[in-house]
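Residue strings, one per chain:
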Amino acid sequence: MSKEPVAVVGIGQTHHVAARHDVSIAGLVREAAQRALADAQLTWADIDAVVIGKAPDFFEGLMMPELYLADALGAVGKPMLRVHTAGSVGGSTALVASNLISSRVHSTVLTLAFEKQSESNAMWGLSLPVPFQQPLLAGAGGFFAPHIRAYMRRTGAPDTVGSLVAYKDRRNALKNPYAHLHEKDITLEKVQASPMLWDPVRYSETCPSSDGACAMILTDRAGAARSPHPPAWVHGGAMRSEPTMFAGKDFVSPQAGKDCAADVYRQAGITDPRREIDTVEMYVPFSWYEPMWLENLGFAEEGEGWKLTESGVTELTGDLPVNASGGVLSTNPIGASGMIRFAEAALQVRGQAGEHQVDGARKALGHAYGGGAQFFSMWLVGADEPAS
């Protein structure tokens, strides 16, 4: 028996900011869920199950918050699942929900991811003490900066590439009303003059710390037929993982990322991602990861990713727009960041991305990664229902 086609018929986000002191976690997630329901013109009664995800619980100091969020998400008396794959969890959560539809376990599923980083301090939470880590790092940036340096040495990329990505994404964010950072006076010179945090990553080349939530309503073919607007169809989705460290691990271009992308392309019938995919919502918490992931995902040959960035290919008006929404560099409620990538990809193929809409977008890739560049989740969505 073939799989049931999966459609995205509802999308909702909160306005992402540094601190949402006006709501509890329950209020935050309900806000996103209600917007997704309104977008789909559905009610809580139409939802068969809820799949929720977030990053490590110590980010807020509240263990297993899903246990008390059932009421806020209309899940009382219904199945509710929690997903956790570190920073890629937003994407993984959407994929678990999608699989419940494609396997015909449920017809309509609410999937949601969130983070309320203002309740804790993720940077120091990710700074492990001696003897578990050398006393030279601070936060995720300290972990990933050496991998960026390795990429620069391997490819000969000039040290200006990271600032080009940051400048692009922060300008794109100005077109996205839900983005956290709206730096109206941003210039390339300001990015390049910002303080060095983790060489070669500057302050303006790193992601913010955000409070926010993102929700989607996924449904089957029958549910899509009742949708008030054309849905986004899931053409392929996959997850892959690998250990944090092992002999031969390539931190610059992890094998799990390559394998995950290859699986998604196979499912979607993609043979030339550079030509067949119209736009990419890519998980880029530090600006240099744009050229690194362009290579890892097969959009550029090894050593050539930075050239796409430098030549303007990834600009909103370029041949392959990357992070038209402003990306993780502009909005980062960690648990939700991956789902935002998936949701923004869906908005693009639905033609509902507003000012940051990519003209003629018919196929879009959503990408997320987490941990020590070891957990990957991706989906490819399209404007047309996939062939059976």
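See the structure above.
Described in the following lines is the structure provided in the data block.

Rules used in this analysis
- Residues numbered from 1 in each chain as written.
- Predicted model: local features only at pLDDT ≥ 70, side-chain atom pairs only at ≥ 80, totals over all residues.
- Heavy atoms only, no water.
- Helix = DSSP H or I, 4+ residues; strand = E, 2+ residues; numbered from the N terminus.
- Rg over C-alpha atoms; globule rule 2.2 N^0.38 Å.
- Areas by Shrake-Rupley, 256 points an atom, 1.4 Å probe, with all protein chains shown as cover.
- Lys, Arg positive; Asp, Glu negative; His and termini not counted.
- Charge placed at Lys NZ, Arg CZ, Asp CG, Glu CD.
- Core = buried A, V, L, I, M, F, W, Y, C linked by side-chain atoms within 4.5 Å.
- Buried < 20%, exposed > 50% of the residue type's maximum accessible area, 1.4 Å probe, protein only.
- Contact = heavy atoms within 4.5 Å.
- Disulfide = S-S within 2.5 Å.
- Expected span 1.5 Å × (residues − 1).
- Pairing = 2+ DSSP bridges.
- 1 Å grid on protein atoms, 1.4 Å probe; cavity = no way out; pocket = protein on both sides within 12 Å on 5 of 7 lines; lining within 4 Å.
- Points joined across faces, edges and corners; volume = space filled by probe spheres on them.
- Nonpolar A, V, L, I, M, F, W, Y, C, P; charged D, E, K, R; others polar.
- Axes fitted to C-alpha atoms, helices over the stretch in contact; angles between N-to-C directions.
- Salt bridge = Lys/Arg side-chain N within 4 Å of Asp/Glu carboxyl O.
- Phe/Tyr/Trp six-rings, centres within 6.5 Å; stacked < 30°, edge-to-face > 60°.

**Things to note about the overall build of the chain**
Thinking step 1. Tallying secondary structure elements over the chain gives 13 helices and eleven strands in all.
Thinking step 2. Since a compact globule built from 388 residues should have a radius of gyration of about 21 Å, the 19 Å found for the chain is in line with a globular shape.
Thinking step 3. Expressed along its principal axes, the backbone C-alpha trace of the chain runs to roughly 55 × 45 × 45 Å.
Thinking step 4. Carbon together with sulfur atoms contributes 54% to the accessible area of the chain, which is approximately 14,800 Å² in total.
Thinking step 5. Side chains of the chain carry 32 positive and 42 negative charges; the gap between the two charge centres is 1 Å.

**Quick look at the nonpolar core**
Thinking step 1. By size, the foremost hydrophobic cluster in this structure holds 56 residues, and its most contacted members are Tyr 289, Trp 293, Leu 297, Phe 299 and Leu 365.
Thinking step 2. Counting only elements with at least two residues in this core, the list comes to helix H5 (139-155), helix H6 (161-173), helix H9 (255-268), helix H11 (289-296), helix H12 (305-310), strand S10 (363-370) and strand S11 (375-382).
Thinking step 3. If one sorts the elements of this core by residue count, H9 sits on top with six residues.
Thinking step 4. When residues no more than four places from it in sequence are discounted, the contact partners of Tyr 289 are Phe 144, His 147, Ile 148, Met 282, Val 284 and Tyr 369.
Thinking step 5. Within the second largest apolar cluster, 33 residues are counted, among which are Val 51, Ala 346, Ala 353 and Trp 379.

**Observations regarding the state of the cysteines**
Thinking step 1. If you walk through the whole model with that rule in mind, you get zero disulfides.
Thinking step 2. Left without a disulfide partner, Cys 207 is nearest to the cysteine sulfur of Cys 214, which lies 17 Å away.
Thinking step 3. Here Cys 214 falls in the buried class, since its relative accessible area comes to 0%.

**Details of H6**
Thinking step 1. Here H6 contains 13 residues, and its C-alpha end-to-end distance of 19 Å stays within 8% of the 18 Å for a straight helix at 1.5 Å per residue.
Thinking step 2. Extensive coverage of H6 is indicated by the burial of ten of its 13 residues.
Thinking step 3. The complete set of buried residues in H6 reads Val 161, Gly 162, Ser 163, Val 165, Ala 166, Lys 168, Asp 169, Arg 170, Asn 172 and Ala 173.
Thinking step 4. Contacts from the buried residues of H6 go to helix H7 (188-193), H11 and H12.

**Describing the pairing of strand S1 (residues 7-13)**
Thinking step 1. With seven of its seven residues buried, S1 lies for the most part within the structure.
Thinking step 2. Bridge analysis of S1 against strand S8 (residues 232-241) gives two bridges, and the strand direction is antiparallel. Note that in S8 the partner of Ala 7 across the bridge is Trp 233.

**Quick word on empty space enclosed by the protein**
Any space left empty among the atoms is revealed by the rolling of a water-sized probe across them.
Thinking step 1. With the rule as written, the count across this model stands at one cavity of 30 Å³ or more.
Thinking step 2. For the largest cavity, the full set of lining residues is Gln 13, His 16, Asn 176, Ala 179, Ser 325, Gly 327, Thr 331, Ile 340, Arg 341 and Glu 344.
Thinking step 3. Per element, the largest residue contribution to the lining of the largest cavity is three residues, and it comes from helix H13 (residues 334-350).
Thinking step 4. Taken together, the residues of the lining of the largest cavity break down into two nonpolar, six polar and two charged.

**Examining the sheet that holds strand S3 (residues 80-83)**
Thinking step 1. As summarised here, the arrangement of the nine strands in space is S3-S2-S4-S7-S1-S8-S11-S10-S9, forming an open sheet in which the pairing is mixed. Two strands close off the open sheet at either side, each with one partner strand: S3 and strand S9 (279-281). Each neighbouring strand pair of the sheet contributes to a mean axis angle of 25°, computed without reference to strand direction.
Thinking step 2. Two strands pair when backbone bridges link them, and S10 and S11 are joined in this way by eight bridges, in the antiparallel orientation. Paired with Gly 370 across the bridge in S11 is Phe 375.
Thinking step 3. Strands S1, strand S4 (108-116) and strand S7 (211-219) of the sheet are contacted by helix H1 (residues 25-40), whose axis makes an angle of about 135° with S1.
Thinking step 4. Across the sheet, helix H3 (residues 89-102) is in contact with strand S2 (49-54), S3, S4, S7, S8, S10 and S11; its angle to S4 comes to roughly 170°.

**Looking at the pattern of salt bridges**
Thinking step 1. The final tally for this structure, using the stated rule, is 27 salt bridges.
Thinking step 2. In this structure, Arg 82 engages Asp 57 in a salt bridge whose closest nitrogen and oxygen atoms are separated by 2.9 Å. Residue Arg 82 is located in strand S3, and its partner Asp 57 is located in the loop between S2 and helix H2 (66-69); the two are separated by 25 residues in the primary sequence.
Thinking step 3. The residue Asp 319 makes a salt bridge to Arg 275 at a minimum N-O spacing of 3.3 Å. Of this pair, Asp 319 sits in the loop between H12 and H13 while Arg 275 sits in helix H10 (residues 273-276), and the two are 44 residues apart along the sequence.
Thinking step 4. Exposure remark for Arg 275: the relative accessible area of 59% places this residue in the exposed category.
Thinking step 5. Via salt bridges that share partners, Lys 54, Asp 57, Glu 60, Glu 66, Arg 82 and Glu 115 belong to a single interconnected network.

**Quick look at the side chain of Asp 57**
Thinking step 1. Exposure remark for Asp 57: the relative accessible area of 12% places this residue in the buried category.
Thinking step 2. With sequence-adjacent residues up to four places away left out, Asp 57 is seen in contact with Leu 62, Met 63, Met 64, Pro 65 and Arg 82.

**Re the packing of aromatic side chains**
Thinking step 1. As enumerated under the stated definition, the model contains 15 aromatic pairs in all.
Thinking step 2. For the ring pair Trp 293 and Phe 376, a centre distance of 5.6 Å and an interplane angle of 90° mean the geometry is edge-to-face. With Trp 293 in helix H11 and Phe 376 in strand S11, this residue pair connects regions lying 83 residues apart in the sequence. The pair Trp 293 / Phe 376 is uniform in exposure class, with both members buried.
Thinking step 3. These aromatic residues form a ring-pair network of at least three members: Phe 143, Phe 144, Trp 198, Phe 251, Tyr 283, Phe 286, Tyr 289, Trp 293, Tyr 369 and Phe 376.

**As for the layout of surface pockets**
Thinking step 1. The space that makes up the second largest pocket amounts to roughly 530 Å³.
Thinking step 2. Lys 3, Glu 4, Ser 102, Val 234 and His 235 are, among the 23 residues lining the second largest pocket, the residues nearest its centre.
Thinking step 3. Breaking the lining of the second largest pocket down by element, the ones donating at least two residues are H3, S8 and H9.
Thinking step 4. Of all the elements, S8 adds the most residues to the lining of the second largest pocket, at six residues.

Keep in mind that these numbers describe shape and distance, not what the molecule does.
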